[in-house]
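For reference, the chains in residue letters:
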Amino acid sequence: MDSLVIDLAVLVLAGFVGYTVISKVPNTLHTPLMSGTNAIHGIVVLGGLLLMAESHGWFEKLILVIAVAFGTINVIGGFLVTDRMLEMFKAKDPPKTGTADEVGGQGGEGGGGA
Amino acid sequence: MSLPLAVIGVNAIDALYIVAFGLLIYGMTGLTGPRTAVRGNKIAAAGMTIAVVATLLRSHEFSGSGTWALIVLGIVIGTAIGIPAARNVRMTAMPQMVAIFNGVGGGAVALIAWVEYRHAFGGGYPLRSEIFELFGAIVGSVSFWGSNIAFGKLQEILPGRPIKLPGRAQSILNLTFFLIAVISAIILCAGTHSQALFILGILVAAAILGNAVVLPIGGADMPVVISLLNAFTGLSAAATGVALGNTVMIVAGMIVGASGTILTNQMAKAMNRSVPEIVAGGFGGAVAAPAAGAGTVGGTVRSTSAQDVAIQLAYARLVVIAPGYGMAVAQAQHAVRELETALEAKGVEVKYAIHPVAGRMPGHMNVLLAEANVPYDLLREMDDINPEFTRTDVTLVIGANDVTNPAAKNEPGSPIYGMPILEVDKSGAVVVLKRSMASGFAGIDNPLFYEPKTSLLFGDAKASVSEITSEVEEL
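What counts, and at which threshold
Residues numbered from 1 in each chain as written. Chains lettered and ligands numbered in written order. Predicted model: local features only at pLDDT ≥ 70, side-chain atom pairs only at ≥ 80, totals over all residues. Helix = DSSP H or I, 4+ residues; strand = E, 2+ residues; numbered from the N terminus. Buried ≥ 20, exposed ≤ 12 C-beta atoms within 10 Å, placed from the backbone. Contact = placed C-beta atoms within 7 Å. Pairing = 2+ DSSP bridges. Core = buried A, V, L, I, M, F, W, Y, C linked by C-beta atoms within 7 Å.

### Remarks on the overall build of chain A
Scanning chain A from N- to C-terminus turns up four helices and zero strands. Each helix and strand of chain A, ordered N terminal to C terminal, gives the series α-α-α-α. Looking at chain A residue by residue over its 114 residues, the buried ones come to 55%. Within chain A, contacts between residues at least 6 apart in sequence are counted, and of these 69% link residues at least 24 apart.

Take a look at the structure:
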């Protein structure tokens, strides 16, 4: 089969999978969902990596370094921030209510980005 | 554009890609429940890591001088900016953080499309890849600029009010730049390989379009805009994946596209507005309201003191707290939680009424209240809480405005007419905490404030709530 046809088939199927999975996410988790999916579209960083191998001249390389940096911010930042948020949803036996409005680096570790 | 794939290694890489998108999808299914969500996110992150590593395993292609160094440079810069930003951001600033992360993603798509285009320039390039690449270039840069404007508005660098040309001029301007981008794309696909037409026609027109679409949109519509831009970036990433023939990019991009589309529709429905309407002309409230002659709401407001509010609350049976963007601005979520526990100690039942578009992004209030350790079962969605207002003694509205505005039900001339609201006006008494008498982001007056059963407590929400709490504790 033509590779484009396969790609388009994957595109359509992924759309349905995404629709089905995401429809089940409750309102409560909409913000983490947004920032989680936000991290996922950072996948575009792969395009930057692939093109870097065949780029010519300083101009293209510059653009690609920026693209890779952007993509990395998107991926790492997105997953870390989602992790921080979800940790708050998890902690459920409140020994005391927080008094300070600053919540230090609560549960920030272990996002495990790229 | 096809990469010269060496026979060895390709199969392993493809297999890793399949593992990667499998993990991404599996991770997303974890997000359907709070208990599994943390793990789901980590699984998705692992999938992403595998995708990146698999790509780097094509090292036989990365032989060019300095390619590795440049890749490492890009990743190091991104990491150095991304980690501190994600660690230090306050929960109240989450909408702008999501907006800017989304923006850089869109920017990456547009830049990658640009380089792809330069490679195609002069060389024989299959039309079908070109279509997807140009789609990525347009949508990615709309997303980049649009998200930056959204960030500026949320961060209050730009005014939150709609900034727009009068009358229909804004729609015409938006349409013009949209057509310039599309026509440029068509001409390029037809075979003209003009670098200038690509940059000026597509990237610049899309940039102006991104600005022109988001600038006229008021703060209250931000949940819709952020979801929409998220969907855009996802779709443009998927398009880039098709152009590059990269499966994992297609799958990941499409999932985001689907999720963004679902959220956009839900948010738009929660405001009784259509997406094209929002994109075509901002909120438009300021123009429509007086013309519609919706009757003068004006009247006198009754202001109250923390002490009186404390007495009202402490002797109630059921108190409903309706938070809005004002609670986020004042960082009042912890103070609100303390008030809740103080009231519960007095035997008062407390619930929270969460409007789907309260705040500046989907689920904004839930995140803030979770940060303050409010148990979920106290958080009620609009449809669940509305029937309960009739038996509610006091509703405490904290920095919410438009989502409680009865004009949405009663005044057909109102710009927000038809939007589902929290029916707080059905409760026995309403106490509104507000900074001042300024109207909400939508610029619409709220008749709720003038009702005889409503009293207003002016001041910073956090200070007011803390004051009420200490008064309650002394009773």
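### Side note on the pairing of strand E1 (residues 318-323) of chain B
The side chains of a regular strand alternate, first on one face of the sheet and then on the other. All names here are of chain B. The buried fraction of E1 is high, at five of six residues. Bridge analysis of E1 against strand E2 (residues 349-354) gives four bridges, and the strand direction is parallel. Of the residues in E2, the one forming a bridge with Leu 318 is Glu 349. Bridge count between E1 and strand E4 (residues 394-398): five bridges; the pairing is parallel. Among the inter-strand pairings, Val 319 is bridged to a residue of E4, identified as Val 394.

### Some words on the environment of Gly324(B)
Residue and element names in this part refer to chain B. By secondary structure assignment, the location of Gly 324 is in the loop between E1 and helix H13 (325-329). Overall, the presence of 28 C-beta atoms within 10 Å leaves Gly 324 in the buried class. Along the sequence, Gly 324 and Ala 205 sit 119 residues apart, while their C-alpha atoms lie 36 Å from each other. What Gly 324 contacts, discounting residues up to four positions off in sequence, is Ala 358, Gly 359, Ile 398, Gly 399, Ala 400, Asn 401 and Val 403.

### Description of the nonpolar core
Residues Ile43(A), Leu24(B), Ala252(B), Ile255(B) and Ile398(B) are the most contacted members of the largest nonpolar core, which totals 200 residues. When near neighbours in sequence (up to four residues on either side) are disregarded, Ile398(B) contacts Ile321(B), Ala322(B), Pro323(B), Gly324(B), Gly326(B), Met327(B), Ala332(B), Val336(B), Leu433(B), Ala461(B) and Val465(B).

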